[in-house]
Structure formats: structure tokens, C-alpha cells
Amino acid sequence: LIAEEPLDVSGDFDQLIRLFLNLLDNAVKYTPPGGTIEVKAARADRGMVSVSISNSGPGFPPEDETRVFERFYRVNEDRSRGRGGSGLGLAIAHEIVRSHGGTIRASSQPGEKTTFAVDLPLQTSAGR
């Protein structure tokens, strides 16, 4: 589901692309064959744009919802090793969002659904 209205944000174009590529890469990496990935974007409260990327992958326990943004943290070393990566993607995503004045959060229902939600400030009409 993508908003029908333009949702402009200000920021470093390359960094914002890197942010969403990191999140989409994780969704693809952890979604099993036949699984689903869902991307939503909408205007949120407080002058923000909310973008969420969900997948039907294995997920992780609730206690890891904040830890996944730590550098080099992996939910399960054995599960992650065969999928590549350095454990930096979500830490980088977190830093990009923070530097743009936004927030990022993770939620997961193990075995069902994992969602990464990003809120970024809408560009004001003066910034256009």
C-alpha cells in the first residue's frame, strides 16, 4: 500500500536509498520461498511520513526488538551465518534515520511477521 499523495522528505538522497535498500534486503533475505513482503507508506501524525516493510520470515523474540539495531548484533548466529552480512545493516539504517530526524522501530511475531517501521519528517512547503 503506497499513499496516493506525494510524501516528500528532505535529506541525503543516497543515504535514504541506502536506508530502504538495507531494510528491503533484510526482508528478502529472511522471507522463505512463497512468503510475502509488504511495503506501506502513509502520512503519519506530527508531520511525519511513515514507511513500513514487513515480511513473513522467521522473526525474532520481542527482547531483540531494540538490540537488532546494535552494531554487529545478530539474533541467532547460526541462522545468520549462511545468509551473509556483517551485522551492520540495521545499525546503519538506524543511524541514517536518526540523522534525518526520524525514528525506526522493529516488531516481530516469531514465525509469522517482522516489521520495520520508519518515521521521517515531511518536507515543509518552504523546503521545496
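This text follows the structure it describes.
Keep in mind the model is a prediction, meaning the values are calculated, not measured. (Residues numbered from 1 in each chain as written. Predicted model: local features only at pLDDT ≥ 70, side-chain atom pairs only at ≥ 80, totals over all residues. Heavy atoms only, no water.)

1. Some words on the pattern of salt bridges
Selection rule: Salt bridges are defined as contacts in which a side-chain nitrogen from Lys or Arg sits within 4 Å of a carboxyl oxygen from Asp or Glu. Burial status follows relative accessibility: with a 1.4 Å probe on protein chains alone, a residue under 20% of its type maximum counts as buried, one over 50% as exposed, and anything between as partly exposed. Under the scheme used here, helices are H or I runs from DSSP no shorter than 4 residues and strands are E runs no shorter than 2 residues, and both carry numbers assigned from the N terminus.
Under the criterion given, the structure shown has five salt bridges. Of the charged contacts, one joins R67 and E70 as a salt bridge, the two residues approaching to 3.3 Å between their closest N and O atoms. By relative accessible area, which is 35% here, E70 ends up partly exposed. Across the salt bridge formed by E95 and R98, the nearest N and O atoms sit 2.3 Å from each other. One end of the pair is E95 and the other is R98, both in helix 3 (residues 89–99) and three residues apart, which spans about a single turn.

2. Section: the sheet that holds strand 3 (residues 103–109)
The condition that has to hold: Two strands pair under a simple rule: DSSP has to find at least two bridges between them. Under this scheme, a helix contributes an axis fitted over its contacting stretch, all axes are lines through C-alpha atoms, and angles between N-to-C directions fall in the 0 to 180 degree range.
Pairing in this open sheet of four strands is antiparallel, and the strands run 1-2-4-3 from one edge to the other. Edge strands, defined here as strands with exactly one partner in the open sheet, are strand 1 (37–44) and strand 3. For this sheet the average axis-to-axis angle between neighbouring strands, irrespective of direction, equals 15°.

3. Describing the packing of aromatic side chains
This is how it is decided: Here a pair means two rings of Phe, Tyr or Trp (six-membered ring of Trp) with centres within 6.5 Å. Their orientation is stacked below 30 degrees between planes, edge-to-face above 60, and tilted elsewhere.
Within this structure, the stated rule accounts for two aromatic pairs. With 6.4 Å between their ring centres and 50° between their planes, F60 and F116 make a pair best called tilted. Here the residue F60 occupies a position in the loop between strand 2 (48–55) and helix 2 (77–81), and F116 occupies one in strand 4 (residues 113–121), the gap between them amounting to 56 residues. For F60, a relative accessible area of 6% puts it in the buried group. Its relative accessible area of 7% is what places F116 among the buried residues. One aromatic cluster is present, built from ring pairs that chain together F60, F69 and F116.

4. Examining helix 1 (residues 13–30)
In an α-helix, one turn spans 3.6 residues, which is why side chains three or four residues apart end up on the same side. Definition in use: A helix is expected to span 1.5 Å multiplied by its residue count minus one. Under this definition, polar contacts are N or O atom pairs within 3.5 Å; protein pairs additionally need one hydrogen-donor-capable and one acceptor-capable atom, and for neighbouring residues in sequence, both atoms have to be side-chain atoms.
A rise of 1.5 Å per residue sets the reference length of helix 1, with its 18 residues, at 26 Å; its end C-alpha atoms lie 26 Å apart and thus fit the reference within 8%. The distance from a side-chain oxygen at the start of helix 1 to the backbone nitrogen of D14 is 3.0 Å, and the residue carrying that oxygen is D12.

5. What about a nonpolar patch on the surface?
The following threshold applies: Only residues above 30% relative accessible area that lack a salt bridge enter a patch, with like-charged residues linked at up to 9 Å and the nonpolar side chains Val, Leu, Ile, Met, Phe, Trp and Tyr linked at up to 5 Å. Computed by Shrake-Rupley with a 1.4 Å probe, the accessible areas treat only the displayed protein chains as cover when residues are assessed.
There is a patch of nonpolar side chains on the surface, built from L24, V28, I37 and V39 and spanning about 290 Å² of accessible area. Secondary structure elements with two or more residues in the nonpolar patch: helix 1 and strand 1. Structurally, I37 can be placed in strand 1.

6. With respect to helix 3
So the rule is basically this: The contact criterion used is simple: two residues touch if any of their non-hydrogen atoms lie within 4.5 Å.
Buried within helix 3 are the following residues: L90, A91, A93, I96 and V97. In this structure, the buried side of helix 3 is in contact with helix 1, strand 3 and strand 4. After helix 3 finishes, the residue G101 shows a positive phi value of roughly 75°.

7. Brief notes about the nonpolar core
Soluble globular proteins tend to pack their nonpolar side chains together in the buried interior. We apply this condition: The nonpolar core is taken to be a set of buried Ala, Val, Leu, Ile, Met, Phe, Trp, Tyr and Cys residues, with the residues joined through side-chain atoms within 4.5 Å.
With 17 residues, the main nonpolar core has L19, L23, V68, F69, I104, F116 and V118 as its most contacted residues. Where this core is concerned, the elements lending two or more residues are helix 1, helix 3, strand 3 and strand 4. Apart from the residues lying within four places of it in its own chain, the contact partners of L23 are I53, L90, A93, I104, F116 and V118. Counting residues in hydrophobic clusters, the runner-up holds five residues, among them L7, A41, V49 and L122.

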